[in-house]
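# Analysis of the macromolecular model
Here is what each chain is made of, one letter per residue.
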Amino acid sequence: MYALVDGNNFYVSCERVFAPRLAGKPVVVLSSNDGACIARSNEAKDLGVKMAQPWFQVRHLEKSAGLIAVSANHELYGDMSARMMAVEARYAPRQEVYSVDESFLDFEGVRDDLVGVGRHMRAAILKETGLPTSVGFGATKTLAKLANNIAKTADRKPGSYPAALAQVCDFGRLSPGELDALYAATEVGLVWGVGRRTTEKLKAGGIHTVLDLMRADVATLRRQFSVVLEKTLRELHGTRCMELDDVPPTRQQILVSRSFGTPITRVEGILEAVSEFASRAAERLRQQGSVAGAVGIYFMTSPFRTNDRQHSVNVTLPLPRPTADSAVLMRAAEMAVRSQFRAGFRYAKAGAILTDLQSAGHEQGELDLFSALEADAPPSVDPRARLMSALDTLNNRFGRDSVRLGSTAMGSDGAEVAVWATRQERRSPRYTTRWDEIPIARA
Amino acid sequence: MNSPDDFPDGAPVGRDGPAAPTVRRTSSAFGSPGTDSTVRRLDLNDLLVRHQEATFMMRAAGGAMHEAGIDDGDYLVVDRSLTARHGAIVIAAVQGEYRCRRLEQAAGRGGRPGAAALVAADPAVEPIVISEDTPLEVFGVVTFVIKSLA
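Residues numbered from 1 in each chain as written. Chains lettered and ligands numbered in written order. Predicted model: local features only at pLDDT ≥ 70, side-chain atom pairs only at ≥ 80, totals over all residues. Heavy atoms only, no water.

## Brief notes about the interface of chain A and chain B
Taken together, the 29 residues of chain A in the interface contact 39 residues of chain B. For the pair chain A and chain B, the summed buried area comes to about 2900 Å², and 58% of that belongs to carbon and sulfur atoms. When the buried surface of chain A facing chain B is broken down by residue, W435, R442 and A443 of chain A rank first, second and third, together holding 29% of it. Here chain A is connected to chain B by 2 salt bridges. (Contact = heavy atoms within 4.5 Å. Buried area = accessible area lost by both parts, 1.4 Å probe. Salt bridge = Lys/Arg side-chain N within 4 Å of Asp/Glu carboxyl O.)

## Looking at the sheet that holds strand β10 (residues 290–301) of chain A
All names here are of chain A. Spatially, the 4 strands line up as an open sheet ordered β9-β12-β10-β11, and their pairing is antiparallel. The sheet is open, and its two borders are formed by β9 (254–264) and β11 (312–323), each paired with just one other strand. Averaged over all pairs of adjacent strands, the angle between their axes in this sheet comes to 15 degrees, without regard to strand direction. In this structure, β9 lies alongside strand β12 (residues 347–359), joined through 7 bridges in antiparallel fashion. Paired with I264 across the strands is Y347, a residue of β12. Where helix α13 (residues 267–287) meets the sheet, it contacts β9, β10, β11 and β12, and its direction lies at approximately 155 degrees from that of β9. Across the sheet, helix α14 (residues 326–340) lies against β10, β11 and β12, angled at about 145 degrees from β11, the strand it touches most. (Pairing = 2+ DSSP bridges. Helix = DSSP H or I, 4+ residues; strand = E, 2+ residues; numbered from the N terminus. Axes fitted to C-alpha atoms, helices over the stretch in contact; angles between N-to-C directions.)

## Observations concerning the sheet that holds strand β3 (residues 37–40) of chain A
Residue and element names in this part refer to chain A. Here we have 3 strands laid out as an open sheet, ordered β3-β2-β4, and mixed in their pairing. Of all the strands in the sheet, the pair left with one neighbour each is β3 and β4 (68–71). Averaged over all adjacent pairs, the angle separating strand axes in this sheet is 30 degrees, with direction ignored. Looking at chain direction, strand β2 (residues 27–30) and β4 are connected through 4 bridges and run parallel. Within β4, the residue paired with V29 across the bridge is V70.

## Things to note about the confidence of the model for chain A
Residue and element names in this part refer to chain A. Taken over all residues, the pLDDT of chain A has a mean of 84, while the share at 70 or more is 84%. The weakest mean pLDDT in chain A belongs to helix α16 (residues 414–420) at 38; the strongest belongs to strand β7 (residues 133–138) at 98. The low-confidence segment residues 362–381, where pLDDT is below 50, has 27 contacts with residues more than four positions distant or belonging to other chains. Confidence drops under a pLDDT of 50 for residues 406–421, and excluding neighbours within four residues, the segment shows 32 contacts in the predicted structure. (pLDDT = per-residue confidence, 0-100.)

Structural data, given as structure tokens:
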């Protein structure tokens, strides 16, 4: 059996551990530019705040309903995630950390009462880290995900599912009849891997619930949908199509993007932002030991600002030779911006995407993050690779942007350069990673 | 109040495993017993952090716990995995903020715990009596106090 352990409203829960004033209040966490709600407490969900909803659309709830918004504090969430994952890892021989707040655990061969194990684990995580979680057990990853969803919903909305399934739900302990009743009460769109468009198509074809999907004709589905859906269906029937990955797969693309705090109208601002994004993407590229064969950039106006004229650009530049060199990647990104920029628009968002990724292999030499600076490391063949490695090491050690390449340095256009810098007016202290920001206890 | 600079910024707090062994290679053909072996210098984490995932650092503000050895500006090592018992110095949420107090738990009847209160070391400070309106919400148990003397 697999378990999926998931932090409930994870970012909000992390904030609440250190700020008891947030308990029981409607709370949202805003994306790093304070643009959109990326986590909501149950109370905020009850107020009707939707996932990823732009902040300006719900801002009025601050005054009318006491909604509290905080800026994303990723340093805090990262440390709390590491603590949560470490507690979970005690309970199973193998763990796959799937995202900042989710991990799969492999209970293959474990004969214990899994609901009991799940409750014990949940209590330990809550006690040690203060974070509430939901636990789902299933024979496949897709089933474990679904069980987790049911455990969470049964807890949050009493009456939606049997109360016994709240917080911890083990499909392995339910009879076929009980499972069918759950599947019939669950919308097909909640199944892992069934996206919004597939859901619409399925519903048009009369498939509304998980049970409908499971009883659908496989041959018909295969004709109408991708093999992905067929795989999902087999997983729902209990056939493992996805194994537990001990090593996360290399990312196939690296995207760094951000909404601007204030719209940007001039080319210098877009250039500055996009080249910075390319530089950060390049850093991640080197961390995973890859090179990129193409650089994509995009920038766009805000579709939410309906009074603004709309314009969006999305281009990809293939590179003559795959590289992980920040300077080359940034130059390509800047060229793409210059070729596409049009004045007279209020740009709200931009991004840089590195694609066509491949292993750095031999051509780049050793790019291990620390070895290049260690005295006894073998000298790297490529001086530029060494420079990149040194850049990453310094930024890692002394904080982002301690050292930048010349072309990412702050431009002369101070005003517009400053506006796209992350707007995090409401960020909470980094309680667990900075000595000067640890919580205060009144004594 | 001590300066926050007593500790380096960004130093990891309470989540370190045992420190990586310090390995030094020398070019001496015979090796040197002083530097060639793998030695592990004393690490305060081993002493102060009993449960890595559950240990958090806090800082005391105020003088009401002076008689209990906690002064304004002291660093507190707080272990969430411990269960707060009578007499323990705890961090508890009171009216939306964290307080450092001693937990006093009267013996109840039939083996059940009696009335509880969060009591300052300074007798002039009014205890916080736990009731249905003021539930006991313990963050963790204070296990060590770190103070700067020089």
